[in-house]
Amino acid sequence: MTRVAVIGTGAIGRDLVGKVHRSPVLDCALVAGRNPDSEGLAHAARLGCATSAEGIDAVLAAGPFPIVFDATNAMSHREHWRLLEDTDTLLIDLTPSRVGDMVVPTVTGTQAPTARDVSLISCGGQASIPIAHALASRFSVSYLEVVSTVASRIAGRATRLNLDEYVATTQAALTAFSGVRDTKAILNISPAVPPATFRTAVHAVIPDASTADVRAVVAEAAEQVRAFAPGYEVRACEVTGDRVVVSLEVAADSDVLPRYAGNLDIINSAAILVAEQHAARLAAVGG
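All values reported here derive from a predicted model rather than from experimental measurement. (Residues numbered from 1 in each chain as written. Predicted model: local features only at pLDDT ≥ 70, side-chain atom pairs only at ≥ 80, totals over all residues. Heavy atoms only, no water.)

Draft legend 1. Region of interest: helix α4 (residues 74-84). Burial in α4 covers these residues: Ala74, His77, His80, Trp81 and Leu84. Axial view of α4: buried residues confined to an arc of 105°, hence all on one face. Of the exposed residues in α4, the ones pointing more than 90 degrees away from its buried face are Met75 and Arg82. (Buried < 20%, exposed > 50% of the residue type's maximum accessible area, 1.4 Å probe, protein only. Helix = DSSP H or I, 4+ residues; strand = E, 2+ residues; numbered from the N terminus. Arc of directions from axis to C-beta.)

Shown next, in the form of structure tokens:
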């Protein structure tokens, strides 16, 4: 088992701890936050994890850890990487900081990352980029736009603080992984009651694309994502002239998240996959 630490005790951190607890190769050795009375620390303690309200200081004192998940915010991540840069820790960034190497499992591959600070980009990025990359690999795409909608109830303080970073990071990743220069990312926080399940729409301009060809490409890409995020579904795929719209929905598969919180589930599921790949590499080297 590979020892890991989780920094951050909000909804993302709580779900991460649960997913680590279920992993056959990861051991949640420490969960660190700032609020000693947080539900995140209480949840981790119930699962048998050591906990601390000393944040990154606790990680540094109890480490080194082969893997650390950062579920805080973009500004804090920059400081966490500065403090961990000279160690052998793999820092998995779940904030939109744009500090580390960007990873989208079905696009960047199933091999363990070689960089030691890796970025999971954003929830909208993890949902949309597999489709955007697949379309751009098959067709001549001149424009990409991604619109994600998350429920207000699950959009925590860090998400709201990092809205600008979210948009900039997601848009940069769209361009990087598709090769399309003209891209746009939008995030809506919906106050709807009951809360709406996480949705992402990918809009693309693709001259002369047939509906059948587009749907085949999208279906294949979605199937690959479902291998690690089973709640990922294509709800619609329409081609009108040169306009393509792919509507995606992600339901959470989690012990602690409501079903509508698929935005957190997909980025955490990708993070766990990256961690397990790294753990496998460490085991192979050690063995």
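The rest of the description comes next.
Draft legend 2. Layout of the UniProt feature "active site" (unreviewed entry) in the protein. As recorded in UniProt, the sites labelled "active site" (unreviewed entry) are Cys123. Ignoring anything within four residues of it in the chain, the contact list for Cys123 reads Val150, Tyr166, Phe198, Asn263, Ile266 and Ile267. (UniProt positions renumbered as here; feature names shortened; annotations may be inferred. Contact = heavy atoms within 4.5 Å.)

Draft legend 3. Molecular detail of the layout of surface pockets. Estimates place the volume of the largest pocket at around 830 Å³. Along the wall of the largest pocket there are 39 residues; nearest its centre are Ala71, Thr72, Asn73, Ala158 and Thr159. Of all the secondary structure elements, the ones that give two or more residues to the lining of the largest pocket are α1 (11-22), α4, α7 (157-161) and α10 (262-286). Of the residues that constitute the lining of the largest pocket, the class distribution is 18 nonpolar, 18 polar and 3 charged. Of the pockets and cavities examined, the second largest pocket occupies roughly 220 Å³. Contributing to the lining of the second largest pocket are Lys19, Arg22, Ser23, Ala227, Phe228, Pro230, Asp253, Asp265, Ser269, Ile272, Leu273 and Glu276. Those elements that provide at least two residues to the lining of the second largest pocket are α1 and α10. (1 Å grid on protein atoms, 1.4 Å probe; cavity = no way out; pocket = protein on both sides within 12 Å on 5 of 7 lines; lining within 4 Å. Points joined across faces, edges and corners; volume = space filled by probe spheres on them. Nonpolar A, V, L, I, M, F, W, Y, C, P; charged D, E, K, R; others polar.)

Draft legend 4. Main features of the pattern of salt bridges. Within the structure shown, the criterion is met by 12 salt bridges. For Glu79, the salt bridge is made with Arg82, and the minimal N-O distance between the two is 2.6 Å. You can see Glu79 and its partner Arg82 sitting in helix α4, 3 residues apart, about one turn around the helix. The exposure class assigned to Glu79 is partly exposed, which follows from its relative accessible area of 34%. Between Arg199 and Glu249 there is a salt bridge; the shortest N-O distance is 3.2 Å. You can see Arg199 sitting in strand β10 (residues 198-205) and its partner Glu249 sitting in strand β12 (residues 243-250), a full 50 residues away along the chain. Judged by relative accessible area, Arg199 falls into the partly exposed class, the value being 41%. One network of salt bridges, in which partners are shared, links Asp15, Lys19 and Asp265. (Salt bridge = Lys/Arg side-chain N within 4 Å of Asp/Glu carboxyl O.)

Draft legend 5. Examining helix α9 (residues 211-226) more closely. Over its 16 residues, α9 extends 22 Å from the first C-alpha to the last, a length consistent with the 22 Å expected when each residue adds 1.5 Å. When α9 is considered as a whole, its buried residues turn out to be Val214, Val217, Val218, Ala221, Ala222 and Val225. Looking down the long axis of α9, one finds its buried residues gathered within 130° of arc, a one-sided arrangement. Exposed residues on α9 whose side chains face more than 90 degrees from its buried face are Ala212 and Glu220. Against the buried residues of α9 lie α5 (105-108), α6 (123-138), β11 (232-240), β12 and α10. (Expected span 1.5 Å × (residues − 1).)

Draft legend 6. Examining the sheet that holds β11 more closely. The strand order across the open sheet built from 5 strands is β9-β8-β10-β12-β11, with neighbouring strands paired in mixed fashion. Each edge of the sheet is formed by a strand with only one pairing partner; in this case those strands are β9 (183-190) and β11. Averaged over neighbouring strand pairs, the angle between their axes works out to 15° when direction is ignored. Strand direction decides the pairing type here: β11 and β12, joined by 8 bridges, are antiparallel. Considered in β12, the bridge of Thr240 is made with Arg243. (Pairing = 2+ DSSP bridges. Axes fitted to C-alpha atoms, helices over the stretch in contact; angles between N-to-C directions.)

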